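# Structural overview for review
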Amino acid sequence: MIKKLIGAVALMLTCTATFAAGGGFPLDKAPYRVNDMASLQNGAKLFVNYCLNCHSASSMRYNKLKDIGLTDQQIKESLLFTGEKVGDMMHVAMTAKDAKQWFGTTPPDLSVIARAKSVNAGPSGSDYIYTYLRTFYRDTSRATGWNNLVFPSVGMPHALWQDQGPRELTTVAMHEVEGKEGTPKSWERVTTVYDAQGFSTVKAEPVDNYHGHATFDAKFKAANPAQVATYDNDVADLTAFMSWMAEPVQTLRVRIGVGVMLFLLLFFFVTWRLNASYWKHVR
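Residues numbered from 1 in each chain as written. Predicted model: local features only at pLDDT ≥ 70, side-chain atom pairs only at ≥ 80, totals over all residues. Heavy atoms only, no water.

### Examining empty space enclosed by the protein
Scanning the model with the defined rule gives one cavity of 30 Å³ or more in all. Estimates place the volume of the largest cavity at around 50 Å³. If you trace the largest cavity, you find it lined by Leu46, Leu160, Asp163, Tyr231, Asp234, Val235 and Leu238. The leading source of residues in the lining of the largest cavity is helix H8 (residues 225–246), at four residues. For the lining of the largest cavity, the residue count by class is five nonpolar, no polar and two charged. (1 Å grid on protein atoms, 1.4 Å probe; cavity = no way out; pocket = protein on both sides within 12 Å on 5 of 7 lines; lining within 4 Å. Points joined across faces, edges and corners; volume = space filled by probe spheres on them. Helix = DSSP H or I, 4+ residues; strand = E, 2+ residues; numbered from the N terminus. Nonpolar A, V, L, I, M, F, W, Y, C, P; charged D, E, K, R; others polar.)

Structure, rendered in structure tokens:
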């Protein structure tokens, strides 16, 4: 039993190490707002107004939103626009055939995307969503005119771009360059600047006596930092709602878990004292 437990822990750590070694854009820690009703309600509004145009949440009913403090009347007035009923699932009107034709693929269902993007002993799905929605940038080389640092060559356009405002992106990549026949490999620094319209300029320069490893750095420059701060706050609310939607009972689960652990600790203490009492005369 102990060997199996050690093996399971080792496998989990190996998967986590593999994820870290695999690279990818580093994820920002998402603010924890699953217990904040105002944030969840704002997130629900953003989800219905922006995400639900292309993505479904087929495991969630509108009336489940009463758990975050909304009434049936508020749901009808603020979140139902095309004749749905409060008890309906959160389906999208767009068909899979149309989605395939317009986007090249069917947009994924977002019911449990926050759980699907989680990594054992690693970043949470909330971190992924929070970073993903904040790292879009204009790129004229893409069919949609948009690209993403977390999901390169993504097929999804930036649905919230007007709320975020125009930004410039500068990336600096350090990578090895294959040498010509008979010459060793060398290092090169490539600086790419994407302006607010998505046009890019690339500058490559050799780096001598570099003994590090391949790196990638990205930095945004916003035209209106205050607007970006407001956008980041809305994304935090949207992320919180999607995290709640993936597991509406998660706060209850945590409370039950804490109660169970306290009971086990109490039971352990009682058992320990009983054991000492039963065996004290045997010694």
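There is more to say after this.
### Notes on the layout of surface pockets
When its volume is computed, the largest pocket comes out at roughly 700 Å³. Those elements that provide at least two residues to the lining of the largest pocket are helix H6 (125–132) and H8. With three residues, H6 is the single largest residue contributor to the lining of the largest pocket. Grouping the constituent residues of the lining of the largest pocket by class yields 20 nonpolar, six polar and one charged.

### Examining the sheet that holds strand S8 (residues 215–222)
The strand order across the open sheet formed by four strands is S7-S6-S5-S8, and the pairing between neighbours is antiparallel. Only two strands of the sheet have a single partner each, and these edge strands are strand S7 (200–207) and S8. Averaged over all adjacent pairs, the angle separating strand axes in this sheet is 15°, with direction ignored. (Pairing = 2+ DSSP bridges. Axes fitted to C-alpha atoms, helices over the stretch in contact; angles between N-to-C directions.)

### Side note on the nonpolar core
Ranked by internal contacts, the top residues of the largest apolar core, which has 43 residues, are Phe47, Phe241 and Trp244. Among the elements that make up this core, the one with the highest residue count is H8 (ten residues). Not counting chain neighbours up to four residues away, the residues in contact with phenylalanine 47 comprise Leu52, Ala57, Met90, Leu110, Leu238, Phe241, Met242 and Met245. (Core = buried A, V, L, I, M, F, W, Y, C linked by side-chain atoms within 4.5 Å. Buried < 20%, exposed > 50% of the residue type's maximum accessible area, 1.4 Å probe, protein only. Contact = heavy atoms within 4.5 Å.)

### Let's talk about the environment of asparagine 148
One can find asparagine 148 in strand S4 (residues 146–148). Here asparagine 148 falls in the buried class, since its relative accessible area comes to 1%. Placed 122 residues apart in sequence, asparagine 148 and proline 26 show a C-alpha to C-alpha distance of 13 Å. In this structure, asparagine 148 is in contact with Tyr132, Thr135, Phe136, Tyr137 and Val154, ignoring residues within four places of it in sequence.

### Some thoughts on the packing of H6 against H8
Direction vectors running N to C along H6 and H8 enclose 145°, while the axes themselves pass 9 Å from each other. In this structure, H6 meets H8 at a crossing whose hand is right-handed. Contacts between H6 and H8 involve Ser126, Ile129 and Tyr130 from the first element and Asp232, Val235, Ala236, Thr239, Met242 and Ser243 from the second. For the contact of H6 with H8, the per-class residue count stands at five nonpolar, three polar and one charged. (Left-handed = near helix turned anticlockwise from the far one by under 90°.)

### Observations regarding the packing of aromatic side chains
Tallied over the full model, the rule gives nine aromatic pairs. Relative to tyrosine 132, the ring of tyrosine 128 lies with its centre 6.0 Å away and its plane at 10°, an arrangement referred to as stacked. Pair noted here: tyrosine 128 and tyrosine 132 are both in helix H6, with a separation of four residues, about one helical turn. A relative accessible area of 10% places tyrosine 132 in the buried class. Judged by centre distance (4.9 Å) and plane angle (70°), the rings of tryptophan 187 and tyrosine 210 are edge-to-face. You can see tryptophan 187 sitting in strand S6 (residues 186–194) and its partner tyrosine 210 sitting in the loop between S7 and S8, a full 23 residues away along the chain. A relative accessible area of 14% means that tryptophan 187 is categorised as buried. Chaining the aromatic ring pairs together yields one cluster made of Phe47, Phe241 and Trp244. The lysine or arginine in question, arginine 134, covers the ring of tyrosine 130, its NZ or CZ lying 4.3 Å from the ring centre. (Phe/Tyr/Trp six-rings, centres within 6.5 Å; stacked < 30°, edge-to-face > 60°. Lys NZ or Arg CZ within 6 Å of the ring centre and 35° of its normal.)

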